[in-house]
Structure formats: structure tokens, C-alpha cells
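Tertiary structure, described
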Amino acid sequence: MLPPIPIRYVEPVYRPPSEAESLILPVTDGCSWNHCTFCEMYTAPQKQFRARAEAEVLESIRLTGERCGDAVRRVFLADGDALVLPTRRLLRILEAIRSHLPAVRRVSSYCLPRNLRRKSTDELRELAAAGLSIAYVGAESGDDEVLERVHKGETFASTVDALERLGQAGITRSVMILNGLAGPQLSLRHAENSARLANATQPEYLATLVVSFPLGEERFRSAFPDWRPLSQHELFVEMERFLERLELQRTVFRSDHASNWLVLKGTLDADKPRLLRQLRLAIADPAAAPLRPAWARGL
């Protein structure tokens, strides 16, 4: 059994599903943008955005190294957008991880495209060389009207630019699209333009989850009053349109979040025919498809 981790956490703490076994290392609290109306992750008062003091972060790394030795293999830099920090500060954090946690083989972070506007591609290459391996980019949609309605603060062009520069720097890109975000009126546009975004950037990983509002829909509807949630059937039709339009080479695709009704996994384009068959079976006859019950989806 490992000793307690000497890191100060401000609840709630979030990380991507694939970082379940990673050390969560907060370098900021909250999200520097925090205007997305679909996101409830950083709306609690204690999650107001602030950068952690560098001395605190470095000391946490040092003490974790002393107590856990070679047990830490992966590190996730929290909270919502660690890459908002200046490059030099991030480099010092990555250097401390190399020095005090020598067994670490992967360092990752969420990434807002807007935060890369202040960083050159050469700076991103420096971060990659120092150990930053993966950036999780919540694109949410490739449709500019949808992005505007949900106050994302990004466009198709700004997201493409960020993803292209991450790729040029050698940082693995994991892109998230929100199924159902656009409601029924913009659903097919959302699917088609999200596929266009993925095709333009060819990310190493691509995932979808279904938009949901555990704290209620009021905040979201304030900017998107004619929105309504998609039915299960409509979600599947949107996903079918999305998959149909994808033209990817070696992208690992996952639609297996707790919110997804139907688990889809594969490598695109190789597994695209199989995934479309699964979807079309669920569209034609939901009773014949292996759908997740509500309790399995955490609902």
C-alpha cells in the first residue's frame, strides 16, 4: 500500500477516463475560460481559476518522489487547462517530474485551443521533449454556430490550428466530441462538421460522449433556449452521420463513456464498416443491440 500522496486537492477533481491510474498533479485550480454552458466541472466557488504557486507544485513533486519512489508511471497535470501556464513554468514542472519521479513514462494535460495561441510551435516542441506526451482537447463540435451557442470561445479554425500545431510538435492529440450537444435542429450539421474537423487534423485518439447536465439544464438553456435533448434514436442517427463522414487513417476511436448508450470501439478507418453495422442495427432495432441500461451508465 502506497503512503498518502502529499498533494493538496480542491474537490471535485476531474481527469480523462484513460488517466484512471495516473498521479493527478494540480498545477492550476479550475478553468481559465469556464464560460462553456455545457460544462459543470469547474463552476463550484472553490474551483475559481488560479495558478498554483510554483513552489507548492515543485514541493509536491519532490515529496511524492520521496514517498512513492518508482511507483508512479503516469502523471496528469490538472485542473482544466494546465497549458495556460507560461512555457518556462511548465518546463520547470516537467523537469521536476523527471528528477523526482524517474519511472514516469507519460505526462498529460487537458488543453484549451485558446491557450496555445500564446505558444509557438517551437515552445510546444520544447514541452514535448521535456516529457509532455498527450493533450486532451475538448473540441465538442466542429460547427461554428454550435460552438457560439454553447459559449465555447473557439471556432472550427482555432481548434484545427491548435490540433495541427500539437501534432507538429509531436504531442499526441486526444479529441472529444459531444454527441447531442447541438439539439435536433443543428444535429446533422454538428455531426458533419465535427467529422470535417477530425478529417482535417487526423488525431491519434477520438472519442465521443453524450452531453448531460447533472446540475440541471438552466445554465445551458439560457444561451440555447430552443435546445432539447436528443432521444436515444436521434443520438444514434447523429452518430451514424458522424461516422459516415469520417475519413481517418489510424485514429483510435472510443465511444465507451458511461453516458454512451452503445459502446463503440475501433480503429478508423479499418473498423468503420463494423462500427456502422453496430449503429445501424441499434437504429433499426434497439432491442437487438447490446445497449447499456441506465444503471450501467451511472444515470
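What follows is about the sheet that holds strand S1 (residues 23-26). The eight strands are arranged S1-S4-S5-S6-S7-S8-S9-S10 in an open sheet whose pairing can be described as mixed. Both outer strands of the open sheet, S1 and strand S10 (264-268), are each paired with one neighbouring strand and no more. Pairs of neighbouring strands in the sheet enclose a mean axial angle of 20 degrees, with direction left out of account. Set on the sheet, helix H6 (residues 187-201) makes contact with strand S6 (132-140), strand S7 (172-179) and strand S8 (205-210); between it and S7 the angle comes to about 175 degrees.

We now examine the packing of helix H5 (residues 156-169) against H6. Following both chains from N to C, one finds H5 and H6 inclined at 30 degrees, their axes separated by 9 Å at the closest point. In terms of axis orientation, H5 runs roughly parallel to H6. The chirality of how H5 crosses H6 is right-handed. Listed contacts from H6 to Phe156, Thr159, Val160, Leu163 and Glu164 of H5 are Asn193, Arg196, Leu197, Ala200 and Thr201. Tallied by class, residues from the contact of H5 with H6 come to five nonpolar, three polar and two charged.

Below, the discussion takes up H6. Between the first and last C-alpha of H6 there are 22 Å, a value that for 15 residues agrees with the 21 Å anticipated at 1.5 Å per step. Buried within H6 are the following residues: Ser187, His190, Ala191, Asn193, Ser194, Ala195, Leu197, Ala198 and Thr201. In this structure, the buried side of H6 is in contact with S6, helix H4 (144-149), H5, S7, S8 and helix H8 (232-245).

Thresholds applied
Residues numbered from 1 in each chain as written. Predicted model: local features only at pLDDT ≥ 70, side-chain atom pairs only at ≥ 80, totals over all residues. Heavy atoms only, no water. Pairing = 2+ DSSP bridges. Helix = DSSP H or I, 4+ residues; strand = E, 2+ residues; numbered from the N terminus. Axes fitted to C-alpha atoms, helices over the stretch in contact; angles between N-to-C directions. Contact = heavy atoms within 4.5 Å. Parallel < 35°, antiparallel > 145°, perpendicular 65-115°, else oblique. Left-handed = near helix turned anticlockwise from the far one by under 90°. Nonpolar A, V, L, I, M, F, W, Y, C, P; charged D, E, K, R; others polar. Expected span 1.5 Å × (residues − 1). Buried < 20%, exposed > 50% of the residue type's maximum accessible area, 1.4 Å probe, protein only.

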